[in-house]
Amino acid sequence: MPSRSLRVAVIGAGAAGLVAARELRREGHAPVVFERTDDVGGTWVYDDADATASRDPLGARRSNLYASLRTNLPRQSMGFLDFPFAAGPDGDPRTFPGHAEVLRYLREFARRFDLHGLVRLETEVVRVSRDANANSSWRVRYSRKLAGSEKREGEEVFDAVVVCNGHYYQPHVADIAGMDAWPGKQLHSNTYRVPEPFRGQVVVVIGCSVSGMDISRDIAGVAKEVHVASRSAPDATCERLPGHHTNLWLHSMVDRAEEDGSVVFQDGSRIKADVILHCTGYEYSFPFLGDDATISVDDNRVGPLYKHVFPPQVAPQLSFIGLPLKVIPFTLFELQSNWVAGVLSGRIELPSEEEMMRDVMAFYSGLDARGWPRRYTHVLGDCEFKYENWLAGQCRRECIEDWRREMFAVAMEDNVDHHGNHRDMWDGGHRDHLLVQANREFTQYFSAANRP
């Protein structure tokens, strides 16, 4: 039995917050989940009214999903380890389903594990601070929406705080010389929903991540031209992208924008553009934390954090779930949450503050030696499964399945090799051997009690 049972504040009711609440309660703790919106699901809640032209086109939004968005990974690899992401009877059966199917899955997860009663909807955390009267406790101040526009503030004391507010909220925008005088329209991808507003226009898309390329192809179906600027492309790059669209081009990064409407690329080429669309990702943001949280965000590095989770000075009373990028997210959230819950109960022991800090400094030194930019501190890359298996070892759980690792690697390769067409290939028998392995594994969870 756990040696300690704590009252724990969980900030955010997206995938990370939901599985954190489940793991905390399984460990014997009493979690309270604060969610600023009116639904669970976090970034997977689609809101087409959220991208209105009257708001700051580069500002934060509740939702950052676009209508055509599909998962980057096969659903079989995405789900929580003991709750497979199976297709519902009236849902999207595709291997790479649309965003609505992911939200359905998360709602089913919340229902299956009776999590709704732990969640306070429309309750935004505005301040988290250490309790001056009890050094190991934390005060959480929040604002709760009432009828109409009325709000009521409250404050409660918790033994620990788990931050699960996600990292797809505060937009990052490329710094481009000359933008102040450029006459066109700037947008961040978090405002993008459908391609129709870009009909007949010349659009520059900055960023060629999976979502950047998906949006570029989406827009290319109606736009006059779409020009994708990539930081990773060689300076001389100016070439048409392969695929169905003849109006889709890849360039090196944007060098500057000019008063006559021109956008000039690093290769020297230029085009007259109507729109610049920043598909440049997001910045970590914790506006409710003060200096007593002992962490800061510097060039998108959140630190110091032991294993991307615990600030050594205030561990384990403060922790972060879900910071790593370009991973299988739900699996990682679950393992991190299980680790945090076990540490808080005393079942799992952390190293001393000094040992954790030495580990953090050694990790940073290793990144510097590799020439890894500070802004990529939480991009695990090839170390993802090593990290997740380390977490599993701490929690005395089995390592990540071989088929899940292979499925992730193959999906990433297919995205590069097949120029955005890879998703439907999986439903045409392209990777049946992997799907058979996954579905065979899942049968153990499909008893009447566990079926979504």
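A few points on the structure. (Residues numbered from 1 in each chain as written. Predicted model: local features only at pLDDT ≥ 70, side-chain atom pairs only at ≥ 80, totals over all residues. Heavy atoms only, no water.)

Moving on, we come to the overall build of the protein. Looking only at helices and strands, one finds 10 helices and 21 strands in the protein. Principal-axis analysis of the C-alpha atoms gives the protein an extent of 65 × 55 × 50 Å. Counting across all 452 residues of the protein, residues that qualify as buried make up 53%. Put simply, the protein shows about 20,000 Å² of open surface, and 47% of that area lies on carbon and sulfur atoms. Across the protein, 52 positive and 63 negative side-chain charges occur, with their mean positions spaced 3 Å apart. (Helix = DSSP H or I, 4+ residues; strand = E, 2+ residues; numbered from the N terminus. Buried < 20%, exposed > 50% of the residue type's maximum accessible area, 1.4 Å probe, protein only. Areas by Shrake-Rupley, 256 points an atom, 1.4 Å probe, with all protein chains shown as cover. Lys, Arg positive; Asp, Glu negative; His and termini not counted. Charge placed at Lys NZ, Arg CZ, Asp CG, Glu CD.)

Another point: the environment of L434. Locating L434 in the fold gives a position in helix 10 (residues 432-442). Taking the C-alpha atoms as reference points, L434 and H245, 189 residues apart in sequence, are found 31 Å from one another.

Further remarks concern the pattern of salt bridges. For the structure shown, the criterion picks out 29 salt bridges. The residue R107 makes a salt bridge to D39 at a minimum N-O spacing of 2.3 Å. Here R107, found in helix 3 (residues 99-112), pairs with D39, found in the loop between strand 2 (30-34) and helix 2 (75-78); they are 68 residues apart in sequence, far enough to count as distant. Its salt-bridge partner being E156, residue R120 comes within 2.6 Å of it at the nearest N-O pair. Here E156 lies in strand 6 (residues 151-158) and R120 lies in strand 3 (residues 119-120), a separation of 36 residues in the sequence. With respect to class, R120 is no different from E156; both count as buried. (Salt bridge = Lys/Arg side-chain N within 4 Å of Asp/Glu carboxyl O.)

Turning next to the packing of helix 1 (residues 15-26) against helix 5 (residues 329-345). Contact pair helix 1 / helix 5: the axes reach a minimum separation of 8 Å and the direction vectors enclose 35°. With respect to the hand of their crossing, helix 1 and helix 5 are arranged in right-handed fashion. Touching A15, A16, V19, A20, R22, E23 and L24 of helix 1 are F330, F333, E334, S337, N338, A341 and L344, all from helix 5. For the contact of helix 1 with helix 5, the class distribution of residues is nine nonpolar, two polar and three charged. (Axes fitted to C-alpha atoms, helices over the stretch in contact; angles between N-to-C directions. Left-handed = near helix turned anticlockwise from the far one by under 90°. Contact = heavy atoms within 4.5 Å. Nonpolar A, V, L, I, M, F, W, Y, C, P; charged D, E, K, R; others polar.)

Here we take up the nonpolar core. Membership of the largest hydrophobic core comes to 94 residues, with the highest contact counts inside it found for F80, L106, I219, F310, F330 and W339. Sort the elements by how many residues they give to this core and helix 5 lands first, with nine residues. F34, F288, A293 and L318 belong to the second-largest nonpolar core, a separate cluster that totals 26 residues. (Core = buried A, V, L, I, M, F, W, Y, C linked by side-chain atoms within 4.5 Å.)

Right, let's get into the packing of aromatic side chains. Within this structure, the stated rule accounts for 25 aromatic pairs. Between the aromatic rings of F363 and Y364, the centroid separation amounts to 6.0 Å while the plane-to-plane angle is 45°, which identifies the pairing as tilted. On the accessibility criterion, F363 (30% relative accessible area) is partly exposed. Residue classification places Y364 among the buried residues on the basis of a relative accessible area of 12%. A ring pair is formed by W403 and F442, whose centres lie 5.6 Å apart and whose planes are at 80°; its orientation type is edge-to-face. With W403 in helix 8 (residues 402-417) and F442 in helix 10, this residue pair connects regions lying 39 residues apart in the sequence. Note on accessibility: W403 and F442 belong to one class, buried. An aromatic cluster is built from F80, F83, F85, Y105, F109, F113, F330 and F333, whose rings are joined through pairwise contacts. The ring centre of W390 lies 5.0 Å from the NZ or CZ of K307, which sits over that ring. (Phe/Tyr/Trp six-rings, centres within 6.5 Å; stacked < 30°, edge-to-face > 60°. Lys NZ or Arg CZ within 6 Å of the ring centre and 35° of its normal.)

What follows concerns unusual backbone geometry. The amide bond that connects G303 to the next residue, P304, takes the cis arrangement and shows omega of 0°. Here P304 shows up in the loop between strand 20 (301-303) and strand 21 (318-320). Geometrically, the link from A315 to P316 is a cis peptide bond, its omega value of 0° lying close to zero. For P316, the position within the fold is in the loop between strand 20 and strand 21.

The parallel open sheet is built from five strands, whose spatial order is 3-2-1-7-21. Two strands close off the open sheet at either side, each with one partner strand: strand 3 and strand 21. Judged from the four bridges that link them, strand 1 (residues 7-11) and strand 7 (residues 160-163) form a sheet pairing that is parallel. Residue pairing in the sheet places V10 in a bridge with V162 of strand 7. (Pairing = 2+ DSSP bridges.)

The end-to-end C-alpha distance of helix 1 is 17 Å, a good match for the 16 Å that 12 residues give at a rise of 1.5 Å each. Listing the buried residues of helix 1 in full gives A15, A16, G17, L18, V19, A20, A21, R22, E23 and L24. On its buried face, helix 1 sits against strand 1, strand 2, helix 3, strand 7 and helix 5. Directly after helix 1, the chain includes G28, whose backbone phi takes a positive value near 100°. (Expected span 1.5 Å × (residues − 1).)

A word on the sheet that holds strand 12 (residues 238-240). Strand order in the open sheet formed by six strands is 9-17-10-11-13-12, with mixed pairing between adjacent strands. If you trace the sheet from one side to the other, it starts and ends with strand 9 (185-188) and strand 12, each paired once. Taken over all neighbouring pairs, the strand axes of this sheet differ in orientation by 20° on average, direction set aside. Sheet topology places strand 10 (residues 202-206) next to strand 11 (residues 225-229); five bridges connect them, and they run parallel.

Another point: the side chain of S337. Within the secondary structure layout, S337 lies in helix 5. The class for S337 is buried, based on a relative accessible area of 1%. For S337, the side chain forms a polar contact with the main-chain oxygen of F333, separated by 2.8 Å. Beyond its immediate stretch of four places on either side in the chain, S337 contacts A16, V19, A20, E23 and I321. (Polar contact = N/O pair within 3.5 Å; in protein donor to acceptor, adjacent residues only side chain to side chain.)

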